[in-house]
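Below, each chain spelled out in residue letters.
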Amino acid sequence: MAADNGAAPASEIEAGHSQAAAGQRPAAGAFDWGAALRSSGQAAFLAGVLAFFFIGLRTDIAPGGLVLSFRWLGLLYAIIVVFFGRLLLETFIFHAASTAARAIAAIVFILAVVGMMGYDVPGSRLANRALTGAILGIVVVAVLYLVARWRAGTPAQRKTATAEAGTSAGLAWLARALTVLLLIIAATLPFLITTFFPGQQRQYVDLAILIMTYVMLGWGLNIVVGLAGLLDLGYVAFYAVGAYSFALLSTHFEAIGFWTALPLAGMLAAMWGLILGFPVLRLRGDYLAIVTLAFGEIIRIVLLNWYEFTGGPNGISGIPKPTLFGLEFTRGEGGFADFFGIQYSTIHRFIYLYYIILALALITNFATIRLRRLPIGRAWEALREDEIACRSLGINTTNTKLTAFAIGAMFGGFAGSFFATRQGFVSPESFTFIESAIILAIVVLGGMGSQIGVVVASVAMIGGIEMLRNLDFLQQIFPGVDPVQYRMLIFGFAMVAIMVWKPRGLITTREPSAALKERKKIGADLVAQGEGH
Amino acid sequence: MEYFVQQLINGLTLGSIYGLIAIGYTMVYGIIGMINFAHGDIFMIGSFVALATFLILTSVFGFAFLPVVLLVVIIVAMLFTSAWGWAVERIAYRPLRGSFRLAPLITAIGMSIVLQNFVQITQGARVKPLPPQIQGGITLMEGQTDAGTILVQLSYMQMIIIVTTVVLMTGFTLLISHTALGRAQRACEQDTKMAALLGVDVDRTISLTFVVGAALAAVAGFMFLMLYGVIDFYIGFLAGIKAFTAAVLGGIGSLPGAMLGGLLIGLIEVFWSGYFTVEYKDVAAFSILAIVLIFLPSGLLGQPEVEKV
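Remember, predicted model here, so these are calculated numbers, not experimental data.

Peer 1: How should the overall build of chain A be read in this particular structure?
Peer 2: When its secondary structure is counted, chain A shows 21 helices and six strands. Buried positions account for 46% of the 533 residues belonging to chain A. Sequence separation of at least 24 residues holds for 74% of the intrachain contacts in chain A that already meet a minimum separation of 6.

Set out below in structure tokens:
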């Protein structure tokens, strides 16, 4: 079954680009079945070649060495899914085929899925399996149909729509209203969750905290990448510095709690931002990316090997929880619940944590928006656009870059100490490169420099991926498949697909930070984003 | 002295592997100016294909004559891995040609995540141990130290790795300097737009660049498997970063530079673990990367980038 999940999105992605490359679509009705079958055949052949050594067979450790096991059925399924999936894409997405052609492709696809589901999955009734297969096939076709309908609106229509959006004051008002609405939702979210999902409140509040943490990290990195245009692949280093600062301070000094450690952690992280920023001042673009990546890894390796100081791979545990003006969220005398005379519940602490991270994230956002209007913020944006012009105009590029690194790192440090207090435990495992990649992906996918884009991308990527844990019905359709295993695979495919679909990110228009007379929205393609020039 | 020579041999062997991977980075960077982040994972794919092919040949078909088996394994690994290289380019990079520079970097990271997790799901997360297939070697030197006799050995596997690398590099250099593909490749490297105007099929050249890079990475993956005997889905990340370091050290875009950089990184890593600490050998490699980029941004054999205003 791995085949189906692995191979299908690949062909979907291929869909996006060849459409983008072709640009023009042949007239409806003139659907070339020969070409469609040929390209489907090629895609299926390629899928067979790629999948042969990975889906078709598997090596496992057995007594006496490695053994091979064959999974011909899985390989066959991968090829079938790619062939019929590609055919479906040919008719629905790549070409505006006639309804008859689409119907034929849809019917053979659904039949193929029914056939595969009917053959596989022992232990349930044949009729049930066939029915599940049919539903699955119909859902896929329906989604493709809706996408095709949405695309059928001509590009010209969509373009005028966005152009109007760019100038009309009404839309700016709408955007403001939307922001206020989002803020209200964010402020009341824990209570919405406890009211509507009392059974799973802890899980959902925890998820909200996680998403908010990534929003904050995204906003912090946005200062470095989105505003100053410095591509930083080692942002997780500052997150780690923040987390370890708080962990070490609180475990060594009794008097230091979360609220005293927070500014210290931010300062230490900012200092590290300066230390790591200084050597890379002359680097740009991809070189900068790879050196920051190397710094991130160096910090992680040091944390991993410096046993006496950081505890090595065991990490540091017993980190205190945050208190509310000295009130601890514990049961019994002197706790939060006791002081206010309410029933004790573990959820109080989670709600409190949620509000802390919400406040921290909003501070990050507010500071960014304000900084953008200050001379330093304008210097960042000028630096992003053209470093040489920037220098010719007398801007001190060294200071500009260093402040961007330091302020971005400071917010990373705040988020890090929040992470430490939430977990109560830190270890180098939490600060791998993949975290940096996820944060950068959130910034870029959201549309760089766009504050709301970060929120959208965080909710979509982190929330969407975490939701996979709850999809129990998937396990009923594909027994023996654990959707959690596929989280990162789907995450990676989503990164590729969103980038191919919208290379400029999800939110592609933004208001300029400084404007003469009138604020016009500008397309993101007019902004030199994160190229480090 | 004996210890030094032994470390030198080990370093050259490891350096050959890094050098072969580094060529893939440097070629791609030379043409389209992006870091192919998924290249390290292509190397990992190559080692998995090599492992599976080896098991098919020995346990299913029962071939026992090792030289033929290894030759077939190398060829199969090169063929199938280059299909992966081609597919990654087709899916994740070609649609973004001409887009802004960060977009292909993000899809490259995405592809890297996809490849790692795909292999983890289909092949399992546990390491795959393969017992050493070629044992023995020749003793070059023998010396007496306080701790006892110390032997300097050049194992047959190390010999095979070094000879294969030399043969591949020679072939590859001929490919670049004497064939139509090599000419097209060099033309695209100098000026993609002009090459296209003069009738070079740029898309095809870029695809073939990925194919050649993946084939060399597959050989590196095969060597890694044979030398260390343990692979898992995560080996591509570190090897990839170090190979990229090698490419940068040698001067990115320069093919002899990539090989030289690979050898240097291999030597630095081995000597560092031999004389200082094993734990911090990656820190040594990364620090070299940072230092080189800061003081010698164009690398050892690279050409300085001229910036026009």
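Back to the text.
Peer 1: Would you mind showing me how to read the overall build of chain B here?
Peer 2: Within chain B one finds 11 helices and four strands. Taken over C-alpha atoms, the radius of gyration comes to 20 Å for chain B, in line with the 19 Å a tight globule of 309 residues would show. Along the longest, intermediate and shortest principal axes, the C-alpha atoms of chain B span 65 × 50 × 40 Å. Pairs at least 24 residues apart make up 74% of the contacts formed inside chain B by residues separated by at least 6 positions.

Peer 1: For this particular structure, what's the right way to read the confidence of the model for chain A?
Peer 2: Reading fine detail from the predicted coordinates is not recommended where pLDDT is low. All names here are of chain A. Here chain A averages 79 in pLDDT, while 81% of its residues score no lower than 70. Mean pLDDT values for the elements of chain A range from 41 in helix α1 (residues 2–22) up to 92 in helix α17 (residues 397–423). Low confidence marks residues 1–29, where pLDDT is under 50. Its contacts with residues over four positions away, or in another chain, come to 62 contacts. Residue range residues 163–167 is modelled with pLDDT below 50. Its contacts to residues more than four positions away, or to other chains, number five contacts.

Peer 1: Any chance you could explain helix α6 (residues 180–190) of chain B here in plain terms?
Peer 2: Every α-helix carries 3.6 residues per turn, so stepping three or four residues along brings you back to the same face. Listing the buried residues of α6 of chain B in full gives A184, Q185 and C188 of chain B. With its buried residues spanning 100 degrees around the axis, α6 of chain B presents them on a single face.

Peer 1: Sorry, what's going on with the packing of helix α1 (residues 2–32) of chain B against helix α8 (residues 202–228) of chain B here?
Peer 2: Helix-helix packing: each pair is described by the crossing angle between the helix axes and the interaxial distance. All names here are of chain B. Where α1 contacts α8, the two axes come as close as 9 Å, and the packing angle between them is 165 degrees. In terms of axis orientation, α1 runs roughly antiparallel to α8. Here the hand of the crossing between α1 and α8 comes out left-handed. Each of T13, I17, L20, I21, I23, G24, M27, V28, I31 and I32 in α1 lies in contact with α8, whose residues at this interface are I206, T209, F210, G213, A214, L216, A217, V219, A220, M223, F224 and L227. Grouping the constituent residues of the contact of α1 with α8 by class yields 18 nonpolar, four polar and no charged.

Peer 1: Sorry if this is basic, but what is going on with the pairing of strand β2 (residues 65–70) of chain A here?
Peer 2: Two faces make up the sheet, and in a regular strand the side chains alternate between them. Residue and element names in this part refer to chain A. Examined bridge by bridge, strand β1 (residues 57–62) and β2 share six bridges and lie antiparallel to one another. By the bridge assignment, L57 is partnered in β2 with F70. The turn joining β1 and β2, which pair antiparallel and follow one another in sequence, is formed by two residues; a positive phi near 90 degrees is taken by G64.

Peer 1: Before we go on, may I ask you to explain the interface of chain B and chain A in this structure?
Peer 2: By a frequent convention, interface size equals the accessible area lost on bringing the separate parts together. In this complex, chain B contributes 54 residues to the contact, which on the side of chain A involves 57 residues. Elements represented by at least two residues in the side of chain B that touches chain A include exactly α2 (39–60), α3 (66–93), α4 (102–123) and α11 (281–295) of chain B. In terms of residues, the side of chain B that touches chain A owes the most to one element, α4 of chain B, which gives 16 residues. Along the lines of polarity and charge, the residues of the side of chain B that touches chain A split into 40 nonpolar, eight polar and six charged.

Peer 1: Explain the packing of helix α2 (residues 33–56) of chain A against α3 of chain B to me, please; I cannot follow it from the model alone.
Peer 2: Viewed as axis vectors pointing N to C, α2 of chain A and α3 of chain B meet at an angle of 125 degrees, and their least axial separation amounts to 10 Å. With respect to their mutual orientation, α2 of chain A and α3 of chain B come out oblique. Every pair of crossing elements has a handedness; the one defined by α2 of chain A and α3 of chain B is left-handed. Across the interface between the two elements, L46, V49, L50 and F53 of chain A of α2 of chain A pack against F80, A83, W84 and A87 of chain B of α3 of chain B. Grouping the constituent residues of the contact of α2 of chain A with α3 of chain B by class yields eight nonpolar, no polar and no charged.

Peer 1: Please clarify how the nonpolar core should be interpreted in this entry.
Peer 2: The nonpolar side chains of a soluble globular protein tend to be buried, and buried together. Residue and element names in this part refer to chain A. If you look at the biggest cluster of nonpolar residues, it comprises 256 residues, and the most contacted ones within it are V291, I357 and A441. Built from parts of two domains, this core gets at least three residues from each of domain 1 (2–152) and domain 2 (216–469). When neighbours within four sequence positions are excluded, I357 is seen to be in contact with I209, M212, T213, M216 and F418.

Peer 1: I tried to follow the pairing of strand β2 (residues 137–145) of chain B on my own but got confused; where do I start?
Peer 2: Counted residue by residue, β2 of chain B has zero buried out of nine residues, so it is predominantly exposed. Once β2 of chain B ends, the chain turns through two residues before running back antiparallel as strand β3 (residues 148–155) of chain B.

Peer 1: Help me out: how do you make sense of the environment of L231 of chain A in this one?
Peer 2: All names here are of chain A. Among the structural elements, L231 can be located in the loop between α8 (201–227) and α9 (236–252). Accessibility expressed as a C-beta count within 10 Å gives 26 for L231, which makes it buried. Sequence separation between L231 and L221 is 10 residues, and the spatial gap between their C-alpha atoms is 9.3 Å.

Peer 1: Hey, could you run me through the environment of T213 of chain A in this one?
Peer 2: Along the polypeptide, T213 of chain A turns up in helix α8. Residue class for T213 of chain A comes out buried when judged on the 22 C-beta atoms lying within 10 Å of it.

Peer 1: So what exactly am I meant to see when it comes to the environment of R94 of chain B here?
Peer 2: For R94 of chain B, the location among the structural elements is in the loop between α3 and α4. Sequence separation between R94 of chain B and I206 of chain B is 112 residues, and the spatial gap between their C-alpha atoms is 9.1 Å.

Peer 1: What's the story with the confidence of the model for chain B in this structure? I'm lost.
Peer 2: Considering every residue of chain B, the mean pLDDT works out to 88; 98% of them sit at 70 or more. The complex prediction reports pTM at 0.85, with the ipTM value standing at 0.87.

Reading the values: rules and limits
- Residues numbered from 1 in each chain as written.
- Chains lettered and ligands numbered in written order.
- Predicted model: local features only at pLDDT ≥ 70, side-chain atom pairs only at ≥ 80, totals over all residues.
- Helix = DSSP H or I, 4+ residues; strand = E, 2+ residues; numbered from the N terminus.
- Buried ≥ 20, exposed ≤ 12 C-beta atoms within 10 Å, placed from the backbone.
- Contact = placed C-beta atoms within 7 Å.
- Rg over C-alpha atoms; globule rule 2.2 N^0.38 Å.
- pLDDT = per-residue confidence, 0-100.
- Arc of directions from axis to C-beta.
- Axes fitted to C-alpha atoms, helices over the stretch in contact; angles between N-to-C directions.
- Parallel < 35°, antiparallel > 145°, perpendicular 65-115°, else oblique.
- Left-handed = near helix turned anticlockwise from the far one by under 90°.
- Nonpolar A, V, L, I, M, F, W, Y, C, P; charged D, E, K, R; others polar.
- Pairing = 2+ DSSP bridges.
- Core = buried A, V, L, I, M, F, W, Y, C linked by C-beta atoms within 7 Å.
- Domains from an automatic or database assignment.

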